[in-house]
Amino acid sequence: MATRLRLDGADAPASQFLTDSFQRGLARWNRARLAPQFPGDDWQKDIERDARLLRLEGGFIEEQRAAVAAEAAAAPTDPEGFVAWFEALKEHGPGQGDPLFPWLAETANRDELRWFFEQEAAGEAGFDDLVAYTQVKLPAQAKLELARNYWDEMGRGAAKGMHGPMLDTLVETLAVDPAIETTVWESLALANAMTAMATSRRYAWHSVGALGVIELTAPGRSALVAKGLRRIGLSDRERRYFDLHAVLDLKHSADWNREALVPLVAEDPRRATAIAEGALIRLNAGARCFARYRAHFGL
Ligand SMILES: [Fe+2]
Ligand SMILES: [Fe+2]
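Residues numbered from 1 in each chain as written. Chains lettered and ligands numbered in written order. Predicted model: local features only at pLDDT ≥ 70, side-chain atom pairs only at ≥ 80, totals over all residues. Heavy atoms only, no water.

Draft legend 1. Inspection of the coordination of the iron ion (ligand 2) at higher detail. Protein ligation of the iron ion (ligand 2) involves E215 (OE), E215 (OE), D249 (OD) and H252 (ND1), the donor distances falling in the range 2.1 to 2.4 Å. Mapped onto the sequence, the residues coordinating the iron ion (ligand 2) show the spacing E-x33-D-x2-H. Separating the iron ion (ligand 2) and the iron ion (ligand 1) is a distance of 4.1 Å. Here H252 lies in helix α11 (residues 240-267) and E215 lies in helix α10 (residues 204-231), a separation of 37 residues in the sequence. With relative accessibility at 1%, the residue E215 sits in the buried group. (Donors = N, O, S within 2.8 Å, 3.2 Å for Na, K, Ca; no water. Helix = DSSP H or I, 4+ residues; strand = E, 2+ residues; numbered from the N terminus. Buried < 20%, exposed > 50% of the residue type's maximum accessible area, 1.4 Å probe, protein only.)

Draft legend 2. Structural context of the packing of helix α3 (residues 79-92) against α10. Axis separation between α3 and α10 bottoms out at 10 Å; the angle between their running directions is 50 degrees. Overall, the two elements α3 and α10 adopt an arrangement that is oblique. For the crossing formed where α3 meets α10, the hand is right-handed. Residue-level contacts link F86, E87, L89 and K90 of α3 to G209, G212, V213, L216 and T217 of α10. Grouping the amino acids of the contact of α3 with α10 by side-chain chemistry returns 4 nonpolar, 3 polar and 2 charged. (Axes fitted to C-alpha atoms, helices over the stretch in contact; angles between N-to-C directions. Parallel < 35°, antiparallel > 145°, perpendicular 65-115°, else oblique. Left-handed = near helix turned anticlockwise from the far one by under 90°. Contact = heavy atoms within 4.5 Å. Nonpolar A, V, L, I, M, F, W, Y, C, P; charged D, E, K, R; others polar.)

Draft legend 3. Examining α10 more closely. Here α10 is 28 residues long and its end C-alpha atoms lie 40 Å apart, about the 40 Å a rise of 1.5 Å per residue gives. Taken as a whole, α10 carries its principal kink of about 45 degrees at A218; the proline P219 stands between one and four residues after it. For α10, the tally of buried residues reaches 21 of 28 residues, placing the bulk of the element in the interior. The first or second residue beyond α10 is G233, which carries a positive phi of 100 degrees. (Expected span 1.5 Å × (residues − 1). Bend = angle between axes of the 7 residues up to and from the residue.)

Draft legend 4. Structural view of the coordination of the iron ion (ligand 1). Here the iron ion (ligand 1) is held by E153 (OE), H163 (ND1) and H245 (NE2), and the distances to it run 2.1 to 2.2 Å. When the donor residues of the iron ion (ligand 1) are listed from N- to C-terminus, their spacing reads E-x9-H-x81-H. Classification of H163 by relative accessible area gives buried; the value is 3%. Looking at H245, the relative accessible area reads 6%, which means it is buried.

Okay, here's the thing in structure tokens:
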């Protein structure tokens, strides 16, 4: 693989979007607009607010696209070639092999693991809802794969198997209080980018790529976080979210690539480039988080 566009800080100073105030504002708007609500008298004002923020959100994603466009354009556009390129992101993608995770596994103390987890939990956009938004009007084979993935997120219909509540259990166990106000902007930016791609139909293929690259890269990180949590004494039940994703996402990833990526790209090769951009946007957002967390820990 040729040189990768990472953030070396190079894109940070010039960006009006990679800032604390912008990402915090976007996170608050996402929380408000996606919550189930009752009709109110201010709905016309809400539409004006939404229009203004949708424009800003679009500017944010377009800036992130511009940073990865050249690399994504170099990805193969035939289905098998594309999946091979996509799977190679596991080894060579931005943020892969970050030294933060071995440190969390081997060295971090309870407070450090708590801080890391609090950042991650607050930045968690809800994989299940992102999949649900993304699957609207997708072709049948891909839609079925997103449905199977969603069903797993839902614990296949059993509350105790749902992934979201498993994360909540860990929030309680570690007594953390995830909140926008105490979360670094890099983590908010990751969730904001995922939400933007899943909820804007013009980024539907980007979202398929971004979600797929989470499945591809989560197992390695989850295993190391689970190791750290075991080391500080958490029980099997308390660690379950990370133990589960260390294994289940290997299957989710293989299924996603075979059942969603291959047929989508076969049907329209232009989707390969969009999926690649979405995956790289997600990986860059993750890499920014890891760098910020390492700086916080003085690593
Ligand atoms: Fe999950
Ligand atoms: Fe998964």
